[in-house]
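# What the coordinates show
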Amino acid sequence: MDEKIILKAEDLDGYLTDDDMKELNCLDSMFKETMKYFEPKNEEKIIEGYDKMGHEMQKICSAHPNIKVYSFETEEGAHAEASRVISKLRDIKTSHQEFMYYSQRAYEMLFRMAYTDKHSDKKGHIVVQTPVNFPVQNYAVHKIPDIDHKIENTVMCVMLRGALLPSMIVSKEIEEYSSHGYITPFALFKISRNDKKNESDMEYILDLKKSFFNLEALNGKDLIFADPMNATGGSLVTVVKYLQAQGVKPKSISFFNTISTLKGAIRVTRALENCTCYTLWLDPVMNEKAYIMPGLGDAGDRLNGTDTHEHPRNIMQLIADYGHNITCLYRNQLFEIEKTVLG
């Protein structure tokens, strides 16, 4: 078996219709018009341009029920939180530790949108022993939605490396909402883009030698992918199409993104059966190098630091670099990852 699976950009072309391309080209024109006011900076015109693009994307998404955008799906009172979180993640001045903190907030918000908001699930109870033990040991009771049936068939599928911490965050949310303390199994996929290529001839490379997964453990499961950025959708399509070629039949696929392009969101929900894309924020376009605009830069580097070309870190080194506070917070998730990697 080949150690590397390569999906080429032309393999993704068929998932977009002529109508899709007209809408995407319209957004591209709107963004280019707005860019005219970036330098010199004209805030009034920039705000006007983004407002128009936002309304256009909301209109387009109304025809795509499997694309769930936070500000399109939630009540208006929640939109300010999303705006503040995304603005901090975008900001060039946001430090590494802040970026990790706001990434955690982003994925907690996405989890709520996917699993607990607008749902009529029966209630479960958490009974907690508190530190107060006089005159007797005290307990507290808290109600939460009973969503065991939604989360206890899930497997976290990690597209290394930028998706490692977001995947741990979502897995911990599942553990804390599960009445049985369900800890997701993990499947780890070393997937990358050939950054020497442009969007039009991009290659997506799945390195099986550096991936760790059990095909049988993925069959019939609800697969969750938590990647900070969804630009073209090519990485997700590469991994899932490979799994399907090996006989894996997912029950469902959920794709959680901090930021997604409209093009990438349409593509993955068209290419993959029973796939839902949950995104905190929708960006209108990519540049010719397939970088999201306005985007937030390289989310993997901002979460994990930059690898040197000569000495890229393996997964254990990445986890070690997160530091004591993070590894203690996600201790159970790390045990599962360790089992997956070390067997």
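Our structure's up above, just so we're on the same page.
All of the points below concern the structure found in this document. (Residues numbered from 1 in each chain as written. Predicted model: local features only at pLDDT ≥ 70, side-chain atom pairs only at ≥ 80, totals over all residues. Heavy atoms only, no water.)

### A look at the overall build of the chain
How we decide: Secondary structure elements are defined from DSSP: runs of H or I of at least 4 residues count as helices, runs of E of at least 2 residues count as strands, and each element is numbered from the N terminus. This radius of gyration counts C-alpha atoms alone. The globule rule is 2.2 Å times how many residues there are, raised to the power 0.38. Think of it in three bands: residues with accessible area under 20% of the maximum for their type are buried, residues over 50% are exposed, and the middle band is partly exposed, with areas taken using a 1.4 Å probe on protein chains only. Throughout, the Shrake-Rupley method with a 1.4 Å probe supplies accessible areas, and for residues the shown protein chains are the sole cover considered.
Each helix and strand in the chain was counted, giving 14 helices and 13 strands. Over its C-alpha trace the chain gives a radius of gyration of 21 Å, about what one expects of a compact globule, namely 20 Å for 343 residues. Along the longest, intermediate and shortest principal axes, the C-alpha atoms of the chain span 70 × 50 × 40 Å. Across the 343 residues of the chain, 49% fall into the buried class. About 17600 Å² of surface is accessible on the chain, with carbon and sulfur atoms providing 50% of the total.

### Some details on the nonpolar core
In summary, soluble globular proteins display a tendency toward joint burial of nonpolar side chains. What counts, and what does not: Among the buried residues, those of types Ala, Val, Leu, Ile, Met, Phe, Trp, Tyr and Cys that are joined through side-chain atoms within 4.5 Å form a nonpolar core. The criterion used for residue contact is that any of the two residues' heavy atoms lie within 4.5 Å.
Among the nonpolar cores identified, the biggest contains 103 residues, and Leu-164, Phe-225 and Ile-337 are the most heavily contacted of them. Aside from chain neighbours lying at most four places away, what touches Leu-164 is Val-158, Ile-315, Leu-318, Ile-319, Tyr-322 and Ile-337.

### Structural notes on the packing of helix 12 (residues 315-322) against helix 14 (residues 331-342)
The cut-off we apply is this: Interaxial angle, 0 to 180 degrees, is taken between N-to-C directions of lines fitted to C-alpha atoms, where a helix line uses only the stretch in contact. Note that the term roughly parallel is reserved for angles under 35 degrees, roughly antiparallel for angles over 145, roughly perpendicular for angles of 65 to 115, and oblique for everything else. When the near helix sits turned anticlockwise from the far one by under a right angle, the crossing is termed left-handed; a clockwise turn instead gives a right-handed crossing. Note on residue classes: Ala, Val, Leu, Ile, Met, Phe, Trp, Tyr, Cys and Pro are nonpolar, Asp, Glu, Lys and Arg are charged, and everything else, Gly too, is polar.
Direction vectors running N to C along helix 12 and helix 14 enclose 160°, while the axes themselves pass 11 Å from each other. Considered as vectors, helix 12 and helix 14 are oriented roughly antiparallel to each other. Note that helix 12 runs across helix 14; the crossing there is left-handed. Of the residues in helix 14, those touching helix 12 at Ile-315, Met-316 and Ile-319 are Leu-334, Ile-337, Glu-338, Val-341 and Leu-342. For the contact of helix 12 with helix 14, a count of residues per class yields 7 nonpolar, no polar and 1 charged.

### Some points on the side chain of Asn-194
With respect to the helices and strands, Asn-194 occurs in the loop between strand 6 (186-193) and strand 7 (203-212). Setting aside residues no more than four positions away along its own chain, Asn-194 makes contact with Met-202, Glu-203 and Ile-205.

### Focus on the pattern of salt bridges
To keep it simple, the criterion reads: Here, a salt bridge means any side-chain nitrogen of Lys or Arg that lies within 4 Å of a carboxyl oxygen of Asp or Glu.
For the coordinates displayed, the defined rule picks out 19 salt bridges. With a closest N to O distance of 3.7 Å, Arg-112 and Glu-81 form a salt bridge. Residue Arg-112 is located in helix 5 (residues 96-115), and its partner Glu-81 is located in helix 4 (residues 79-90); the two are separated by 31 residues in the primary sequence. Among the residues examined, Arg-112 registers a relative accessible area of 27% and is labelled partly exposed.

### Re the packing of helix 4 against helix 5
Geometry of a packed helix pair, given as the angle between the helix axes and the separation of the axes. Contact geometry of helix 4 with helix 5 gives a least axis separation of 9 Å together with a crossing angle of 145°. When you trace helix 4 past helix 5, the crossing you get is left-handed. For the pair helix 4 and helix 5, contact is made by Glu-81, Ala-82, Val-85, Lys-88 and Leu-89 and by Glu-98, Phe-99, Tyr-102, Ser-103, Arg-105, Ala-106, Met-109 and Arg-112, respectively.

### Here we look at the packing of aromatic side chains
Formally: In summary, the pairing rule links any two rings of Phe, Tyr or Trp, Trp by its six-membered ring, whose centres are within 6.5 Å, and it sorts them by plane angle into stacked for under 30 degrees, edge-to-face for over 60 and tilted for everything else.
If you walk through the whole model with that rule in mind, you get 9 aromatic pairs. Measuring from ring centre to ring centre gives 6.2 Å for Phe-213 and Tyr-242, while their planes differ by 80°; the resulting arrangement is edge-to-face. Within this pair, whereas Phe-213 is found in the loop between strand 7 and helix 8 (215-218), its partner Tyr-242 is found in helix 9 (residues 234-245), the two being separated by 29 residues in sequence. Exposure remark for Phe-213: the relative accessible area of 25% places this residue in the partly exposed category. On the basis of relative accessibility, which here comes to 8%, the residue Tyr-242 falls in the buried class. With 5.0 Å between their ring centres and 15° between their planes, Phe-256 and Tyr-278 make a pair best called stacked. Of the two residues, Phe-256 sits in strand 10 (residues 252-261) while Tyr-278 sits in strand 11 (residues 275-283), which places them 22 residues apart along the sequence. Like Tyr-278, Phe-256 is buried. Cluster of aromatic residues (ring-pair linked, three or more members): Phe-111, Tyr-115, Tyr-177, Phe-256 and Tyr-278.

### Focus: the environment of Leu-303
Its location among the elements puts Leu-303 in helix 11 (residues 299-304). The buried category is assigned to Leu-303, whose relative accessible area is 1%. Through-space distance from the C-alpha of Leu-303 to that of Ala-163 is 9.2 Å; in sequence the pair is 140 residues apart. Beyond its immediate chain neighbours, meaning those up to four positions away, Leu-303 contacts His-96, Phe-99, Met-100, Ser-103, Gly-162, Leu-165, Pro-166, Pro-228 and Tyr-322.

### Topic: the pairing of strand 7
Going by this rule: What makes two strands pair is DSSP finding at least two bridges between them.
Taking burial as the measure, the 10 residues of strand 7 include 7 buried ones, the bulk of the element. With 5 bridges connecting them, strand 1 (residues 4-8) and strand 7 associate as antiparallel partners. Paired with Ile-6 across the strands is Ile-205, a residue of strand 7. As defined by bridge partners, strand 6 adjoins strand 7 across 5 bridges and the pair is classed as antiparallel. In the sheet register, Ile-191 faces strand 7, and the bridge partner there is Leu-206.

### Points about the side chain of Glu-56
Among the structural elements, Glu-56 can be located in helix 2 (residues 43-61). Apart from the residues lying within four places of it in its own chain, the contact partners of Glu-56 are Leu-27 and Met-30.

### Describing helix 4
Quick note on the threshold: Helix span is expected to be 1.5 Å times the residue number reduced by one. This arc is taken over the directions from the axis of the helix to the C-beta atoms.
Compared with an ideal rise of 1.5 Å per residue, which puts 12 residues at 16 Å, helix 4 spans 16 Å between its outermost C-alpha atoms and is within 8% of the ideal. For helix 4, the complete set of buried residues consists of Ala-82, Val-85, Ile-86, Lys-88 and Leu-89. One side of helix 4 carries all its buried residues, which in axial view fall inside an arc of 160°. On its buried side, helix 4 packs onto helix 3 (70-73), helix 5, strand 10, strand 11 and helix 11.

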